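# Summary of structural features
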Amino acid sequence: MSAVSRSSSRIDLRIDAACTAEILARFVRTEVLRAGRARAVVGLSGGIDSAVAATLAARALGPDQVVCLRLPHRTSAAAALTDAADVARLLGTPLETVDITPIVDGFVQVSGEVGRVRLGNAMARARMLCLFDRSAALDALVLGTSNKSELLLGYGTLHGDLASAINPLGDLYKTQVRQLAEHLGVPEAIRHKAPSADLWPGQTDEEDLGVRYDEVDRLLWLLVDARASRDAALAAGFAPDLVDGVRQRVASMQFKRVPPIVAKVSSRTLGRDFRYPRDGAP
Amino acid sequence: MHTRTVALAQIAPKLGDVRANLARHLEWIERARAAGADLAVFPELSLTGYDLQDLVPEVAIPVDGEVLGRLTAASRGIDIVAGFVEEDPGHKFYNAAAYLAGGTVAHVHRKLHLPTYGLFQEGREFSVGETLRAFPTAHGSTGLLLCEDLWHSPTTWLLAQQGADLVVVAANAPSRGAHPDHGPTSASVWRDLLKVTARFHTVYLVCVNRVGCEDGLSFDGGSTVVDPTGVIVAELPLLDEALECVELPADLLRTARTASPLLRDARIELVHREVARLRRIRFDLPDEPEAER
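Residues numbered from 1 in each chain as written. Chains lettered and ligands numbered in written order. Predicted model: local features only at pLDDT ≥ 70, side-chain atom pairs only at ≥ 80, totals over all residues.

## Looking at the overall build of chain A
Across its full length, chain A carries twelve helices and four strands. For 282 residues, the compact-globule estimate of 2.2 N^0.38 gives 19 Å, and chain A sits close to it at 20 Å. With the C-alpha coordinates of chain A rotated into their principal frame, the extents come out at 65 × 55 × 45 Å. The 282 residues of chain A split such that 42% are buried. Restricting to contacts in chain A with at least 6 residues of sequence separation, those with at least 24 account for 72%. (Helix = DSSP H or I, 4+ residues; strand = E, 2+ residues; numbered from the N terminus. Rg over C-alpha atoms; globule rule 2.2 N^0.38 Å. Buried ≥ 20, exposed ≤ 12 C-beta atoms within 10 Å, placed from the backbone. Contact = placed C-beta atoms within 7 Å.)

Given below as structure tokens:
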């Protein structure tokens, strides 16, 4: 008797990278032009996500129209800076560097000792401050670089790295961003290094999250994209602790993925019964 | 039917901007006319864009109003299919498509199946159409469907049984990413559906899908013409605007229907009896009197 195959057990995170890149480049171009701008601003961390976002924007708008920003803190790894510079050089985009150390130091000075996580949040928000300010000065849109894995797991700082005008990567898991990066010719050194939010020395995403992206992406795909139940995830071979932890984390981080809640006290409330697409606002 | 040349106008409408879209239509109709087309087909909601939400009442137009009037006036010497939000005299809003010919509105189709699941919320925004009719044109009997309508197989069957030799499908099929085995996700599914539907009902199918991007929603394009034997005879590019003229030879319809007399062999009485039985069960209706059986 042949084995019974179940469609939910076929976890498939492969993407057609060439076609996906075409869709995303058109998305970036359409949204930037529709906003009446011609340029995009991207914070280059030296990591794979921002390298992919910058590459897509350069394809969409032309390299001259994409301003890459390096936003190092004094604790940032030196390799991150050189990797970011490599990306800008390969793409032929302008590169600016703003040291966020004085901004963060100034913040610590007025708010007192903040601890590692709050300091990391302050750094992410200092970067946001610089990116949005440059976008206003340059009449550009800020490109988001948060991927679907980060958004689902809430691995990002609200009003920090989660802030952007448009985000071409938000519907791609980290392992899919890697496929896109390979197709787009992102340097191997960047593609193969351990993902890091660069919030303290030696930090890695996978240590923070307690799981490798290639494993958690397969689970997230099963739970989210394939709408699998807890039992189906267990049947697919994932450990109960991981399944429960991820399900709980995805649910508890919903607040990071939606605008603030507005209390309804009128007949027509923004976001609830005043519903307009951003692209066709009245 | 007469052999006809159809122009597939695969455009990216501008969301919520009826004036800009009307100007675009008039321009592309002239291009189609210059290319020798008998009929120019635009996508679903081609005058308004798709993701309208609360813009629906703001972009809605009556069939006898100025916007459709200008488009209708352009339909001398070339027939036109265009999508719009129709407002009826009772202020109901429909996702509709009009067939314009010889300076008149030959037919209006109101979408029958409003997808309201997943990313779609059409049932919230639109009233549902209640009739499905093939209609005569100078080139042959024709039927119109809008996107999701095609996914319900009785629609094409009914049009074919009413005599349609060409079924025009105006679509706004959103992309759900691209997979290495089959490219953009919705394009491949649509291709399969169109081939099977044309073959099952021995009709020409002309499906025009839009391109462009609205609030992150991308549309695949890949507009397709399938002949009555289920063979794809034209496929427009993915993701980009394109205009292409395709000839639909009348003799192929005859050959297809001779080789596969599926329309002839349809059992309308059987379908009627079984649908009537389903209807009685579904709505808990009394049995029909003996005389009516």
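## Observations concerning the overall build of chain B
A tally of helices and strands in chain B yields eight helices and 15 strands. Compactness check: chain B gives a C-alpha radius of gyration of 19 Å against a globular reference of 19 Å for 293 residues, within 12% of the reference. For chain B, the spread of C-alpha atoms along the three principal axes comes to 60 × 45 × 45 Å. For chain B, buried positions account for 47% of its 293 residues. Considering only contacts in chain B between residues 6 or more positions apart, those separated by 24 or more positions represent 69%.

## Focus: the sheet that holds strand 1 (residues 4-10) of chain B
Either a parallel or an antiparallel arrangement is found when strands of a sheet pair, and the pairing is made through backbone hydrogen bonds. All names here are of chain B. Strand order in the open sheet formed by six strands is 5-4-3-2-1-15, and the pairing between neighbours is mixed. Every interior strand has two partners, whereas the edge strands, strand 5 (104-110) and strand 15 (242-248), have only one. Each strand of the sheet is rotated relative to its neighbour by a mean of 30°, with strand direction disregarded. Pairing of strand 1 with strand 2 (residues 39-41) involves three bridges; the strand directions are parallel. Pairing of V6 across the sheet is with L39, part of strand 2. (Pairing = 2+ DSSP bridges. Axes fitted to C-alpha atoms, helices over the stretch in contact; angles between N-to-C directions.)

## Some words on the nonpolar core
Membership of the largest hydrophobic core comes to 154 residues, with the highest contact counts inside it found for A57(A), A40(B), V41(B) and V206(B). Broken down by element, the residue count for this core peaks at ten residues, all from helix 2 (residues 48-61) of chain A. Aside from chain neighbours lying at most four places away, what touches A40(B) is A7(B), A9(B), W28(B), I29(B), A32(B), I78(B) and I80(B). (Core = buried A, V, L, I, M, F, W, Y, C linked by C-beta atoms within 7 Å.)

## Thoughts on the packing of helix 1 (residues 17-34) of chain A against helix 7 (residues 174-184) of chain A
All names here are of chain A. With their axes 9 Å apart at the nearest point, helix 1 and helix 7 run at an angle of 90° to one another. What the angle tells us is that helix 1 and helix 7 run roughly perpendicular. Judged by residue contacts, A17, A18, T20 and A21 of helix 1 engage Q179, L180, H183 and L184 from helix 7. Tallied by class, the residues present in the contact of helix 1 with helix 7 amount to five nonpolar, three polar and no charged. (Parallel < 35°, antiparallel > 145°, perpendicular 65-115°, else oblique. Nonpolar A, V, L, I, M, F, W, Y, C, P; charged D, E, K, R; others polar.)

## What to know about the interface of chain A and chain B
With 18 residues of chain A at the contact, the number on the chain B side is 23 residues. For the side of chain A that touches chain B, a count of residues per class yields eight nonpolar, three polar and seven charged.

## Concerning the pairing of strand 10 (residues 204-209) of chain B
Residues and elements named next belong to chain B. Taken across its six residues, strand 10 has six buried, putting it largely inside the fold. Residues Y204, V206 and V208 line one face of strand 10 and the alternating positions L205, C207 and N209 line the opposite face, and both faces are buried. When strand 7 (residues 166-171) meets strand 10, the two strands line up parallel, connected through six bridges. From the neighbouring strand, A170 faces strand 10, where its bridge partner is V208. Pairing of strand 10 with strand 13 (residues 224-226) involves three bridges; the strand directions are antiparallel. Note on strand 13: the bridge partner recorded for V206 is V225.

## Some points on the sheet that holds strand 7 of chain B
Residue and element names in this part refer to chain B. The strand order across the open sheet built from five strands is 6-7-10-13-14, with neighbouring strands paired in mixed fashion. The sheet is open, and its two edges are formed by strand 6 (142-146) and strand 14 (232-235), each paired on a single side. Taking the axes of each pair of neighbouring strands and ignoring which way they run, one obtains an average angle of 15° across the sheet. As paired strands, strand 6 and strand 7 are joined by five bridges and run parallel to one another. Bridging across to strand 7, T142 finds its partner in L166.

## Points about helix 5 (residues 115-138) of chain A
Residue and element names in this part refer to chain A. Counted at 1.5 Å a residue, the expected span for helix 5 with its 24 residues is 34 Å, and the 34 Å between its end C-alpha atoms agrees. Buried residues along helix 5 sit in contact with strand 1 (39-43), strand 2 (66-70), helix 4 (101-111) and strand 4 (140-142). At the C-terminal side of helix 5, D139 shows a positive phi close to 55°. (Expected span 1.5 Å × (residues − 1).)

## Some words on the pairing of strand 5 of chain B
Residues and elements named next belong to chain B. Looking at chain direction, strand 4 (residues 93-101) and strand 5 are connected through six bridges and run antiparallel. Looking at the pairing, L100 lines up with V105 of strand 5. Counted along the chain from strand 4 to the antiparallel partner strand 5, the turn is two residues long, and its residue G102 has a positive phi close to 60°.

## Thoughts on the environment of A35(A)
Residues and elements named next belong to chain A. With respect to the element layout, A35 can be found in the loop between helix 1 and strand 1. For A35, a count of 15 C-beta atoms within 10 Å puts it in the partly exposed group. For the pair A35 and P63, spaced 28 residues apart in the sequence, the C-alpha separation amounts to 19 Å.

## Overview of the environment of V98(A)
Its location among the elements puts V98(A) in the loop between strand 3 (95-97) and helix 4. Residues V98(A) and P72(A), 26 residues apart in the sequence, show an inter-C-alpha distance of 6.9 Å.

## Side note on unusual backbone geometry
With phi around 60°, H159(A) is a residue other than glycine that occupies positive phi space. For H159(A), a count of 12 C-beta atoms within 10 Å corresponds to the exposed category. Of note, H91(B) is a non-glycine position whose phi angle comes to about 65°, a positive value. Turning to its location among the elements, H91(B) is positioned in the loop between strand 3 (79-87) and strand 4.

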